[in-house]
Amino acid sequence: MTSFKETLQTLGDVVSDRFDSLSSKLKQRLQYDEPIQIVPYAGYGNQQWVKISGRALEDKGLDQRQDEESLWQNLANAYQRFESDEIPNLQLKLHFQGQTLELVTDQEGYFEASLPVSDLASGGLWYDYQIEVPAQEHLNVSCQPVTGKVQIPCPQCDFGIISDIDDTIMVTNATSTLSMMRLTFLRSPTSRLPFAGVNTFYQALTQSGSVPRPIFYVSSSPWNLYDFLEEFMELNNIPLGTLFLRDFGLHTLKASHHDHKFTYISQIMDSYPQLSFILIGDSGQHDPEVYSELVTHRPHQVKAIYIRDVSAEESRDSEVLRLAEKTREQQIDLCLVENTVEAALHAVEKGYLPSSVLDQLKADLAQTDTVRLQIEAAIQHQDFEK
């Protein structure tokens, strides 16, 4: 017997697909007279191929940073991100390593492509690609070519990093729906807070090897927040990485947090079968369960697991510690940590990071506490006035 949830998921698929189809057909008849924006996502690849993707949207000027925060402006920007006006059936040209590939955006404005690779710099990690918008019917405005990046780890890389975002690097309070929505809709990348020491820890993880290490961010956040997350990482000196997010729509009801993460992390690991990874997440949702399951299926590809403890419930801590006992059977540590320093201590002990990272973390944390208090005081003052 079909459950109510399955019926709702099916209905969501039908409604979303029908709306996208009608919207796409309508937009094909329109003339685009307003500026358009090509958002190139950070891609990834190996020594044989690269995968590149992005999205075409009507340009709403969200890339212009404001010197002064405004709650109303932040709310308006958030609304515009989720009410994105995608551009379907737009012809594009992708240029990478002397190759040119013609693409067409889908009904939701997305494009993606796979290309072979050839000349790779020794010890390099990031490579550029370009997206060009040629002249075409229905397009009455010109669009300058944009440059995106794709990371290709070199064969000498010793391990990679796969990380969650919400409540792992960024304070989100995902266990509280009201608090999470308030931070998402009323805060800009400038006023969102990273967890203390995350930038130093992640920079050390990606840069302290003999060659740069790749980093991937797998999150249940929607693609609509891509520019927001990218700017947040840039502002807080958190390493650039390839993001795996979710589409925003009714049909995503069928994709659970667990399934989304397990699928994309498996896809990443399949792309680098000889590479092991440090997995980083939090206890608020299902990161420990996903990571533990990956250990069961791929013990040779998991180096260590760090789970930030963001739950106030002792029962949740007990669940995570039981999973830690399970992963230890495979000689893999799942560490439930209170802060970044505890994770770094384990990484230093295991030889994943040099001990000098700890001194840098201590210095950063002392400075971070002062800055954090100043930001929180400014935000409280702003909330009071607004």
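*Asks:* Even after reading the chapter, I still don't get the overall build of the protein chain, so can you show me in this structure?
*Replies:* Each helix and strand in the protein chain was counted, giving 10 helices and 14 strands. If you take every contact in the protein chain between residues at least 6 apart in sequence, the share linking residues at least 24 apart comes to 73%. Carbon and sulfur atoms make up 51% of the accessible area of the protein chain, which amounts to about 19,300 Å² in all.

*Asks:* Which parts of the structure should I look at to understand the sheet that holds strand S12 (residues 276-282)?
*Replies:* The pairing of strands in a sheet comes from backbone hydrogen bonds and takes either a parallel or an antiparallel form. Strand order in the open sheet made by the six strands is S11-S10-S9-S12-S13-S14, with parallel pairing throughout. Lying at the two open borders of the sheet, with one neighbouring strand each, are strand S11 (242-246) and strand S14 (334-337). Neighbour-to-neighbour, the strand axes of this sheet turn through a mean angle of 15°, independent of strand direction. The pairing of strand S9 (residues 159-163) with S12 spans five bridges and is classified as parallel. When the sheet's bridge partners are listed, Gly160 is paired in S12 with Phe277.

*Asks:* Mind showing me how you'd approach the pattern of salt bridges here?
*Replies:* Where charged atoms from two side chains of opposite charge approach closely, those side chains can pair. Evaluation of the coordinates by the stated rule reveals 10 salt bridges. With its nearest N and O atoms 2.7 Å apart, the salt bridge here joins Lys261 to Asp164. A residue pair is termed long-range when its members are at least 10 positions apart, and Lys261 in helix H6 (residues 257-271) and Asp164 in the loop between S9 and helix H3 (177-186) qualify at 97 residues. With respect to burial, Lys261 and Asp164 carry one shared label: buried. Notably, a salt bridge pairs Lys350 with Asp333, separated by 3.6 Å at the nearest N-O pair. Note that Lys350 is positioned in the loop between helix H9 (340-349) and helix H10 (356-385) and Asp333 in the loop between helix H8 (314-328) and S14, a separation of 17 residues in sequence. If you follow the salt bridges from partner to partner, you end up with Asp164, Lys261 and Asp287 in one network.

*Asks:* Sorry if this is basic, but what is going on with the packing of aromatic side chains here?
*Replies:* Geometry of an aromatic ring pair is reported as the spacing of the ring centres plus the angle between the planes. For the coordinates displayed, the defined rule picks out 13 aromatic pairs. Summarising the aromatic geometry, the rings of Tyr41 and Tyr226 are spaced 4.4 Å apart at their centres and angled 45° between planes, so their arrangement reads as tilted. Within this pair, whereas Tyr41 is found in the loop between strand S1 (36-40) and strand S2 (43-45), its partner Tyr226 is found in helix H5 (residues 226-235), the two being separated by 185 residues in sequence. Considering the side-chain rings of Tyr44 and Trp49, the 5.9 Å spacing of their centres and the 80° angle between planes classify their relative orientation as edge-to-face. Joined through ring pairs, the aromatic side chains of Tyr44, Trp49, Phe216, Phe244, Tyr264, Tyr272 and Phe277 make up one cluster. Lying over the aromatic face of Trp49, Lys51 brings its terminal NZ or CZ to 5.1 Å of the ring centre.

*Asks:* Would you mind showing me how to read the pairing of S9 here?
*Replies:* On a regular strand, one side chain projects to one face of the sheet and the next to the other, so that they alternate. Counting buried positions along S9 yields five of five residues, so the element is predominantly enclosed. Side-chain alternation along S9 places Phe159, Ile161 and Ser163 on one buried face and Gly160 and Ile162 on a second face that is also buried. Judged from the three bridges that link them, S9 and strand S10 (residues 215-222) form a sheet pairing that is parallel. The residue bridging Ile161 from the neighbouring strand is Ile215, located in S10.

*Asks:* Explain H6 to me, please; I cannot follow it from the model alone.
*Replies:* Each α-helix winds once per 3.6 residues, and so residues spaced three or four apart point in a common direction. Taking 1.5 Å per residue, 15 residues should reach 21 Å; H6 reaches 22 Å between its end C-alpha atoms and fits that length. For H6, the full list of buried residues reads His257, His260, Lys261, Phe262, Ile265, Ser266, Ile268, Met269 and Ser271.

*Asks:* Please explain the nonpolar core as it appears in this structure.
*Replies:* Nonpolar side chains tend to gather and get buried jointly when the protein is soluble and globular. Judged by nonpolar contacts, the single largest core of 44 residues is most densely connected at Ile169, Phe201, Tyr202, Tyr217 and Tyr306. Counting 28 residues, the second-largest nonpolar core is a separate cluster that includes Tyr44, Leu275, Val295 and Leu334.

The rules we used
- By convention here, each chain's residues receive numbers from 1 onward along its written sequence.
- Note on the predicted model: pLDDT of at least 70 is required for a residue's local features to be given, and 80 or more for side-chain atom pairs to be given and counted; whole-chain, interface and lining totals, by contrast, use all residues.
- Each side-chain value is worked out from all heavy atoms of the structure, with water and hydrogens disregarded.
- Here a helix means four or more residues in a row that DSSP labels H or I, a strand means two or more in a row labelled E, and each is numbered from the N terminus.
- We call two residues in contact whenever any of their non-hydrogen atoms come within 4.5 Å of each other.
- Exposure was quantified through the Shrake-Rupley algorithm and a 1.4 Å probe, taking into account, for residues, occlusion by the shown protein chains and nothing else.
- Strand pairing follows a simple DSSP-based rule, namely that at least 2 bridges must link the two strands.
- Whenever a helix is involved, its axis is fitted only over the stretch in contact; in every case the axis is a line through C-alpha atoms, and angles between N-to-C directions fall within 0 to 180 degrees.
- The working definition used for a salt bridge is a side-chain nitrogen of Lys or Arg within 4 Å of a carboxyl oxygen of Asp or Glu.
- Using a 1.4 Å probe on the protein chains alone, a residue whose accessible area is under 20% of its type maximum counts as buried, one over 50% counts as exposed, and one in between counts as partly exposed.
- When the centres of two rings from Phe, Tyr and Trp lie within 6.5 Å, Trp using its six-membered ring, the rings pair. Their planes under 30 degrees apart give stacked, over 60 give edge-to-face, and anything left gives tilted.
- By the criterion adopted, a ring carries a charge over it if an Arg CZ or a Lys NZ lies within 6 Å of its centre and within 35 degrees of its normal.
- Under the convention used throughout, the expected extent of a helix is 1.5 Å for every residue step, that is, one less than its residue count.
- Residues grouped as a nonpolar core are buried Ala, Val, Leu, Ile, Met, Phe, Trp, Tyr and Cys residues, joined through side-chain atoms within 4.5 Å.

Remember, this is a structural readout, not a statement about activity or role.
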